[in-house]
Structures are given as C-alpha cells and as structure tokens.
Amino acid sequence: MDLIAVAAGDSERPLEEEVGARVLERHERLFILNGREIPVWAQNVWLEPERFEFKSISEAAKKLRSIQRNWWPHSVTAHRRAGLIQEGLPPLKPKPLVFGGPVPSSPMGAFALLDENTMVFSPRCTSVFPDGIVEFVENKTEPPSRAYLKLWEFFTVSGRRPAAGETVLDLGSSPGGWTWVLDQMDCRVISVDKAPLAEKLPVSDRVRFVNESAFALDPKAVGAVDWLFSDIICYPERLLELVHKWMKAGVVKNFVCTLKFQGPTNFTVIREFQKIAGSELRHLHCNKHELTWSYCRD
C-alpha cells in the first residue's frame, strides 16, 4: 500500500470512480491504494501508511505514542476497541477555529482498525485537522448562506489569501457570501451578478456591485485584478471556458473557483482543469458534490 484515502461522507462514489483499479482494500470510507498520486476527491490522505498487528490495546497505543503525540481515529470497525486505544493516547480536544487565527502546526496522525488485531496508521497526512475536517466558529447572522465557509476553508488550508487593499472580482456573487468574506478582509471588491446581493448584507463602500452576467463581462473592460473568485452555479464545462477567457486576457493574477457537478462526476473536465499548469484541485470539507480549483501566483 502506498496511500490511504478517506472520502467525505457524501463523496464516496466520486472517490471510488477516481481511484478505480488502484484500490487494494476498501473499508467503508477508507480506501487503501497503490500509487502515490493524491486523489482530489479525498477528504484526507494518509501519506505514510503502515499496517501493524497487535495483541493488546496497550500494545497498539504504545506503538502510536512511540512515533508522535497527535493521533486521530478513523473508526470503521471494532469501534469500542478503537476508542480504548484512543484513550491510551495523549488527549486531543480540537476546538472550532476562529477564521484568521493560527492553524495547527504539529502533524496530525491517523489510525484505523481493520479488525480486532490489525491497525493501519500514518503519522503524516495531507491535513493537520482531525480526519481532514475543518470546523469554524461560524457567523450565523451576517452571511446570507453557509457558502462563505468554502472561502474560509480554502484560505485556511491553502495558506493563500488576498491582502488588504487588493482588488478582487467575485463573479456570480449573489446573494453575497463570498463578497462578504472578501470585504471583511479589507479587499476592494467588484461583485458581479444579474441578481442583487442580499438586502441586509452588511458590506462597506469597498464593494462595487455590477448588475451584469458573469459570463458577459468583458475582462478588458474590468482591467487588472489581483484575484478572481467564482462560486457560480453552472456546468463545469462552462466554467472552464470562463477561466480560459480570463486567463487569455491576462488581467488576473490568482483564481479560486468552485466546480459544481450536476449528476455524474465529469472526470473529463476535471482533467482539463488539472492541465492548467500551476493550478490545484481539492475537495474541501465544506464542498458537497463540488471541487475547488485554484491558480495562485501571489
């Protein structure tokens, strides 16, 4: 085994389709894989997996403690036994993250029991958050929907974000969750949609709303912007055309866009996005049947 991938609760099917014949074993949402390519549909990927046969709970806990402090269980079977192993490890009490606050710097290992006496574990994973889940202290009064959490999560896990005073473009912005986030970060926001922003959305005079279709907007008329954001509800093929248009115009430095899949997952268009050199695709915990694509030069 080379990697272990953990699917989000609603993304088992696309992860299964993505990894295909690479699967050596599957245990519910946990996929044991051949090959080192990181699946984009995984919620978390265990990068250094090992299998360990043990005779007692104390032996399993001792093995993990000998490697490092932080371990999080992904329980697939023998749940009580996994819980007892966890009790033998240093306690972890993760708290919801205040957006903009410090991100955990210590590695978060992961382990799972495949049966009563077989454990798989990895001291290093793609996420430093337990099971790849980022939980925030939410603002439940100002944003018009929970879509704003996608941006919070992207900025947190990628370490990339616009600086105060930068000019950013939010395409298909209504009802305004992403515009609200960017305004809160002191950006100059060009917010574009044919539908208005939420009536009571609290935004500053840094926000300029443009009542126009995101697809009809002329990049040269907008001019240079530091970041382009899009959470537009559209087919991924149409989003790809939009991205290519703005990249060709050469007026945008950085992109963050949501690919929304309606019906079956379109792996052809996923591969087209992956061909854009220097870009990344990831499945955020806050994504549903979606992926977040980014191209960041800053």
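The structure we're discussing is the one just above.
Residues numbered from 1 in each chain as written. Predicted model: local features only at pLDDT ≥ 70, side-chain atom pairs only at ≥ 80, totals over all residues. Heavy atoms only, no water.

Here we take up the pattern of salt bridges. A complete count under the given rule lists 16 salt bridges for this structure. Put simply, Arg146 and Glu138 hold a salt bridge, and the shortest N to O gap is 2.7 Å. One salt bridge connects Arg282 with Glu280, and the closest N-O pair in it is separated by 2.4 Å. When salt bridges that share partners are traced, they join Lys150, Asp231, Lys260 and Glu290 into one network. (Salt bridge = Lys/Arg side-chain N within 4 Å of Asp/Glu carboxyl O.)

The next thing to look at is the sheet that holds strand β2 (residues 23–27). The strand order across the open sheet formed by four strands is β2-β3-β1-β4, and the pairing between neighbours is antiparallel. Each edge of the open sheet is held by one strand with a lone partner, namely β2 and β4 (42–46). Geometrically, the sheet is characterised by an average inter-axis angle of 20 degrees between neighbouring strands, direction not taken into account. Alignment of β2 against strand β3 (residues 30–33), held across four bridges, turns out to be antiparallel. Bridging from a neighbouring strand, Arg26 pairs with Phe31 of β3. Sheet strands in contact with helix α1 (residues 12–19) are β1 (3–7), β2, β3 and β4, and its direction is about 10 degrees off that of β3. (Pairing = 2+ DSSP bridges. Helix = DSSP H or I, 4+ residues; strand = E, 2+ residues; numbered from the N terminus. Axes fitted to C-alpha atoms, helices over the stretch in contact; angles between N-to-C directions. Contact = heavy atoms within 4.5 Å.)

It is worth spelling out the environment of Glu16 at this point. Within the fold, Glu16 resides in helix α1. What makes Glu16 partly exposed here is its relative accessible area of 38%. Along the chain, Glu16 and Arg208 lie 192 residues apart, while their C-alpha atoms are 43 Å from each other. Sequence-distant contacts of Glu16, that is, excluding residues within four places in its chain, are made with Arg26 and Phe31. (Buried < 20%, exposed > 50% of the residue type's maximum accessible area, 1.4 Å probe, protein only.)

Attention shifts here to the packing of helix α2 (residues 57–65) against helix α3 (residues 79–87). Remark: α2 packs on α3, axes separated minimally by 8 Å, with the N-to-C direction vectors making an angle of 50 degrees. By the angle between their directions, the pair α2 and α3 is classed as oblique. Viewed along their axes, α2 and α3 form a crossing whose handedness is right-handed. Contacts between α2 and α3 involve Ile57, Ala60, Ala61 and Leu64 on the former and, on the latter, Arg81, Leu84 and Ile85. (Parallel < 35°, antiparallel > 145°, perpendicular 65-115°, else oblique. Left-handed = near helix turned anticlockwise from the far one by under 90°.)

In this section: the packing of helix α7 (residues 236–249) against helix α8 (residues 267–274). Between α7 and α8, the shortest axis-to-axis distance is 10 Å and the interhelical angle comes to 20 degrees. The angle between α7 and α8 places the two elements in the roughly parallel class. For the element pair α7 and α8, the recorded crossing hand is left-handed. Note on element contacts: α8 touches α7 through Val269, Glu272 and Phe273, opposite Pro236, Glu237, Leu239, Leu240 and Val243. Residue classes in the contact of α7 with α8 are distributed as six nonpolar, no polar and two charged. (Nonpolar A, V, L, I, M, F, W, Y, C, P; charged D, E, K, R; others polar.)

Turning to the side chain of Glu166, a few remarks are in order. Note that Glu166 resides in the loop between α4 (148–158) and β9 (167–171). In this structure, Glu166 is buried with no salt-bridge partner, the nearest side chain bearing the opposite charge being Lys253 at 5.4 Å. At a separation of 3.1 Å, a polar atom in the side chain of Glu166 contacts the side chain of Trp227. Look past the residues within four positions of Glu166 in its chain and what remains in contact with it is Cys187, Arg188, Asp226, Trp227 and Asp298. (Lys, Arg positive; Asp, Glu negative; His and termini not counted. Polar contact = N/O pair within 3.5 Å; in protein donor to acceptor, adjacent residues only side chain to side chain.)

In this section: the side chain of Asn44. Checked against the element boundaries, Asn44 lands in strand β4. Residue classification places Asn44 among the buried positions, given a relative accessible area of 2%.

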